[in-house]
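Below, each chain spelled out in residue letters.
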Amino acid sequence: MTIRFDRTGLTESSVPALEFADAALRGVGQVTLQNNSFTGLLFLVGIYVGSPSSCLAALVGALTSTATAYLLGLDRALVRAGLYGFNGTLVAIALAFFLRPDPVMWLYVVSAAATSTVATAGLANLLGRNRPGLTAPFILVTWVFVIAVDRFGALHATGMLPTAELPKGATEVVGIVSASTVSEGVLKGIAEIFLQDDTVTGAIFLAGLLVGSRVAGVAAALGALVGVLVGWGLGAPEPAIRLGLFSFNPALTAVALASVFLVLDVRSALYSLLAVVVTAVLFSSVSAALRPIGMPALTAPFVLVTWAFLFAAPASRRLSLR
Amino acid sequence: MTIRFDRTGLTESSVPALEFADAALRGVGQVTLQNNSFTGLLFLVGIYVGSPSSCLAALVGALTSTATAYLLGLDRALVRAGLYGFNGTLVAIALAFFLRPDPVMWLYVVSAAATSTVATAGLANLLGRNRPGLTAPFILVTWVFVIAVDRFGALHATGMLPTAELPKGATEVVGIVSASTVSEGVLKGIAEIFLQDDTVTGAIFLAGLLVGSRVAGVAAALGALVGVLVGWGLGAPEPAIRLGLFSFNPALTAVALASVFLVLDVRSALYSLLAVVVTAVLFSSVSAALRPIGMPALTAPFVLVTWAFLFAAPASRRLSLR
Amino acid sequence: MTIRFDRTGLTESSVPALEFADAALRGVGQVTLQNNSFTGLLFLVGIYVGSPSSCLAALVGALTSTATAYLLGLDRALVRAGLYGFNGTLVAIALAFFLRPDPVMWLYVVSAAATSTVATAGLANLLGRNRPGLTAPFILVTWVFVIAVDRFGALHATGMLPTAELPKGATEVVGIVSASTVSEGVLKGIAEIFLQDDTVTGAIFLAGLLVGSRVAGVAAALGALVGVLVGWGLGAPEPAIRLGLFSFNPALTAVALASVFLVLDVRSALYSLLAVVVTAVLFSSVSAALRPIGMPALTAPFVLVTWAFLFAAPASRRLSLR
């Protein structure tokens with residue numbers, strides 16, 4: 001029995017179960033684009049602090065989607081890097097958050113997590129090289145499985161679904177932004193990446209990000225801060241800002257562009273800044289556009305903006321892709 | 001004058017009208033992915049039994065879209081295989097079903113069927129090789145031409161549009177699933193592929209499928225059955241299950257994956273089974289998501305799931321494309 | 001200091017400011033696919049006649065998006081041809097039209113125009129060669145920035161948003177189409193390309209188009225006329241037809257297919273005619289489909305139909321792309 005570690009986790013093992021666990025943990029880490037099983041472990045700890053049932057769901061999702069990838073015989077290197085696990089992790093957390101624990105709920109969660117693996121491979125084929133699918137499979141599979149409940153008597157939505165949707169009427173009177181709005185908005189924003197609304201959870205997630213990459217950690221914090229400031233500047237409701245709703249997508253956009261996909265310099269930092277600002281605006285847009293069908297925006301703003309700015313980058317002489 | 005037949009229909013003829021009729025019939029057969037003019041003929045018989053006016057619409061649609069393809073000078077082999085006819089067939093049936101027979105209605109139907117041919121060629125270009133458009137042109141063109149009626153005083157929707165949309169409130173009290181729900185749900189599910197709700201029509205369609213391919217016929221029946229069982233297990237309303245609403249998309253997904261695109265073995269059968277289950281769930285999702293604009297789901301669940309599972313297949317070492 | 005003109009504008013200059021102004025004017029001209037700075041100048045004059053504040057917005061949009069393209073180091077030839085300016089021009093006009101002049105409004109407009117440049121480059125990458133993005137970036141960025149206002153207390157929509165949305169009930173009683181409906185509908189249709197509803201503006205735009213290309217001018221007028229006739233024939237409300245709502249998208253489709261992308265002959269003219277008719281129908285569809293989220297159709301019907309018919313063209317032996 002051989003086991004080898006490096007600073008990103010297990011590099012080799014003769015024990016299949018260990019390799020599998022490492023792949024699943026990297027899947028949790030890949031939610032923020034970190035191929036690092038220690039990051040994934042810290043994220044699980046953070047989720048557990050915020051909500052033990054979310055942590056159970058995360059485990060079920062990461063294990064199911066990673067197992068599905070092994071069963072389908074998908075590219076071993078990609079599976080081991082967690083690239084087939086992060087969408088399933090998020091799908092399971094979201095379904096467990098938005099649906100009541102009816103008897104068939106966990107079967108439904110497992111089906112959705114397995115589907116996310118297929119959707120990830122299908123979308124990769126459709127997008128082609130150099131166009132990562134990001135969390136798009138999570139978003140699509142979650143919308144599909146949550147909205148379907150509308151027609152099924154054996155499953156029920158919790159009251160959590162429309163929380164993010166403060167009406168415009170409320171916008172102009174509710175709340176004054178203070179220093180605590182900003183600090184909570186940043187930390188809860190990082191926590192909301194996994195649908196948690198706890199500052200300690202956000203701090204642990206930030207630690208996990210810093211373990212994965214110092215630049216990623218700083219980018220997440222600054223991205224979340226910019227999201228809070230955009231929400232504030234444009235007059236978004238204070239409770240939504242405090243809850244991190246205007247910062248979780250910007251944090252992801254900042255990590256993706258500034259620390260993962262672009263070579264960081266002044267120009268790419270400014271380019272990422274514009275992307276982060278647009279992400280915060282797009283959160284409002286997607287939330288408002290989805291109101292008629294009652295679905296949450298999830299990380300769709302992050303995905304759409306990162307796609308636009310990433311696909312545009314090769315056309316620029318002044319930006320370099322990693 | 002020479003005419004030659006084989007078991008899929010006419011293979012060669014010196015009479016242009018016969019070749020054209022054969023292409024149009026194959027178009028009807030291609031609705032279920034069967035390149036077989038006898039299958040198309042049986043489908044027309046089945047539609048006639050269910051609804052003579054739908055049969056007229058099917059003829060108009062198949063002839064218009066196939067003629068458009070000839071006039072545009074599209075690839076002769078594809079036109080002869082019916083690949084430019086099946087979307088127009090469905091478009092015409094759907095418009096004749098959802099719209100009142102106002103004076104301009106048939107002109108509108110012919111325009112829509114001709115447009116479906118262009119949309120089929122355009123989508124093929126956009127998707128590229130090895131990514132079939134399936135019935136996506138039918139779905140898009142039908143939505144476009146049906147919803148447009150909302151703004152036009154010379155055209156009117158029939159009362160058929162919102163039938164599939166049973167509200168959740170009704171879900172939990174309406175109906176108990178019995179053996180007759182299952183048998184009707186399977187046969188009407190196959191009939192609903194052409195928007196018919198008649199068990200005899202479904203049986204004739206099944207015969208047409210078996211003429212095209214025994215595996216396709218069995219796949220359609222099993223796919224429809226799984227759709228019924230998923231609807232039942234998740235508590236969908238009994239009348240919707242009995243009407244075949246939960247089975248027509250799953251039947252198509254099963255035919256497409258298990259009998260047309262994947263080499264059938266235990267693994268691809270299980271993979272197709274997951275796809276069929278997801279298709280049944282997605283029917284609920286699409287129906288609920290479209291409620292604000294009052295459009296029916298049509299075969300969108302089949303198209304989306306088949307795309308996802310088909311595009312994912314090349315990434316798997318354990319699945320082989322035909 | 002050297003300056004050279006040809007009939008499409010400045011061809012070379014040693015003065016950067018002049019080159020930049022020429023690129024921005026071509027951007028205004030490219031709204032109707034004309035790479036001609038005199039056309040752009042006439043368009044600005046026409047907009048000024050219709051609405052001085054729209055003219056200011058057009059200038060801000062053209063300058064911002066062109067400057068963003070220079071700053072990003074995008075392909076110089078494309079920037080000089082105005083291909084990164086036309087979406088920003090339209091975005092700025094639309095936002096200034098749909099939003100109240102709140103203090104942060106112009107900052108918002110500038111951000112949106114800059115974003116449109118990134119979106120243009122990103123979409124070009126996604127679509128690949130021979131698939132122009134047309135005004136899709138304008139449409140997407142405008143929808144995103146307008147609907148977002150729903151959640152922001154510092155920005156407000158004007159009452160202009162739902163004007164195009166006459167309910168069906170009104171359809172059947174409102175108005176009788178007369179010769180003045182047709183003539184106004186054609187000229188205002190051309191004016192509505194830039195969201196103006198003034199016949200003199202439309203006439204100046206038509207002059208600008210004729211300066212760019214005689215075929216383009218004729219195509220725009222005929223396309224607008226067909227749009228008016230389709231709206232009339234299908235019973236659309238007379239005020240909407242008179243306002244040019246059924247003609248601005250068809251005018252653009254006619255210019256794009258008949259004068260820019262296809263070699264003009266009898267076949268391509270008939271093909272373009274079908275596309276123009278479908279565009280008028282699709283205006284109704286998109287307007288109705290967007291009603292739940294209160295967004296206007298903008299030029300989405302033009303983009304979708306032109307994509308379908310343009311992407312289908314290479315499959316036809318009887319149509320030649322330029």
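Below is a summary of the structure that appears in this document. (Residues numbered from 1 in each chain as written. Chains lettered and ligands numbered in written order. Predicted model: local features only at pLDDT ≥ 70, side-chain atom pairs only at ≥ 80, totals over all residues. Heavy atoms only, no water.)

### Topic: the interface of chain B and chain A
Stated precisely, the cut-off is as follows: Residue contacts are counted whenever heavy atoms from the two residues lie within 4.5 Å of one another. Accessible surface is computed with a 1.4 Å probe, and the buried area is the amount of it that two parts give up when combined, taken over both parts together. Salt bridge, as applied in this entry: a Lys or Arg side-chain nitrogen positioned within 4 Å of an Asp or Glu carboxyl oxygen. Strands are runs of DSSP state E lasting at least 2 residues, helices are runs of H or I lasting at least 4, and numbering of each runs from the N terminus.
Contacts between the two partners involve 36 residues from chain B and, on the opposite side, 30 residues from chain A. Interface area, chain B with chain A, both sides summed: about 2700 Å², of which 62% is carbon and sulfur. At the boundary of chain B with chain A, the tally comes to 1 salt bridge. Put simply, the parts of the chain that give the side of chain B that touches chain A at least two residues each are α8 (168–171), α14 (266–290) and α15 (300–312) of chain B.

### Observations concerning the interface of chain A and chain C
Counted only if it meets this: Two N or O atoms count as a polar contact when they lie within 3.5 Å, although within protein this holds only if one can serve as hydrogen donor and the other as acceptor, and sequence-adjacent residues are included solely when both atoms are side-chain atoms. Under this grouping Gly is polar, as are all residues other than the nonpolar Ala, Val, Leu, Ile, Met, Phe, Trp, Tyr, Cys and Pro and the charged Asp, Glu, Lys and Arg.
Each partner contributes to the interface: chain A provides 36 residues, whereas chain C provides 30 residues. Interface of chain A and chain C: buried area, both sides summed, is about 2700 Å²; carbon and sulfur atoms make up 62% of it. In this assembly, chain A and chain C are joined by 1 salt bridge. Between D150 of chain C and R291 of chain A there is a salt bridge; the shortest N-O distance is 3.1 Å. Here chain A is connected to chain C by 12 residue pairs in polar contact (both at pLDDT 80 or more). Elements represented by at least two residues in the side of chain A that touches chain C include exactly α8 (168–171), α14 (266–290) and α15 (300–312) of chain A. For the side of chain A that touches chain C, the residue count by class is 22 nonpolar, 7 polar and 7 charged.

### Side note on the pairing of strand β2 (residues 9–13) of chain B
Residues and elements named next belong to chain B. Counted only if it meets this: Note: two strands are recorded as paired if DSSP finds a minimum of 2 bridges between them.
As defined by bridge partners, strand β1 (residues 3–6) adjoins β2 across 4 bridges and the pair is classed as antiparallel. Within β2, the position partnered with F5 by the bridge is L10. Hairpin connection, β1 to β2: the antiparallel pair is bridged by 2 residues.

### Quick word on unusual backbone geometry
Residues and elements named next belong to chain C. We count it as follows: Exposure categories follow from relative accessible area, calculated using a 1.4 Å probe and restricted to protein chains: below 20% of the type maximum is buried, above 50% is exposed, and the middle band is partly exposed.
Of note, the phi angle at L33 is positive, near 65°, even though the residue is not glycine. Topologically, L33 is positioned in the loop between α1 (16–29) and α2 (37–50). Judged by its relative accessible area of 18%, L33 is buried. In the Ramachandran plot, N130 falls in the positive-phi region, its phi being about 65° despite a non-glycine side chain. Tracing the sequence through the fold places N130 in the loop between α6 (105–127) and α7 (136–148).

### So, the packing of helix α9 (residues 179–192) of chain A against helix α10 (residues 199–212) of chain A
Residue and element names in this part refer to chain A. The test is simple: Lines are fitted to the C-alpha atoms to define the axes, a helix being fitted only along its stretch in contact, and any angle between axes, read from their N-to-C directions, falls within 0 to 180 degrees. Should an angle fall under 35 degrees it is taken as roughly parallel, and over 145 as roughly antiparallel, whereas 65 to 115 is taken as roughly perpendicular and any remaining angle as oblique. By convention the crossing between two helices is left-handed if the near helix lies anticlockwise of the far one by an angle smaller than a right angle, and right-handed if it lies clockwise.
Following both chains from N to C, one finds α9 and α10 inclined at 70°, their axes separated by 7 Å at the closest point. Taken together, the axes of α9 and α10 are roughly perpendicular relative to one another. Crossing angle aside, the handedness with which α9 passes α10 is left-handed. Every residue of α10 that contacts α9 at E184, L187, K188, I190 and A191 is listed here: T199, T201, G202, A203, F205 and L206.

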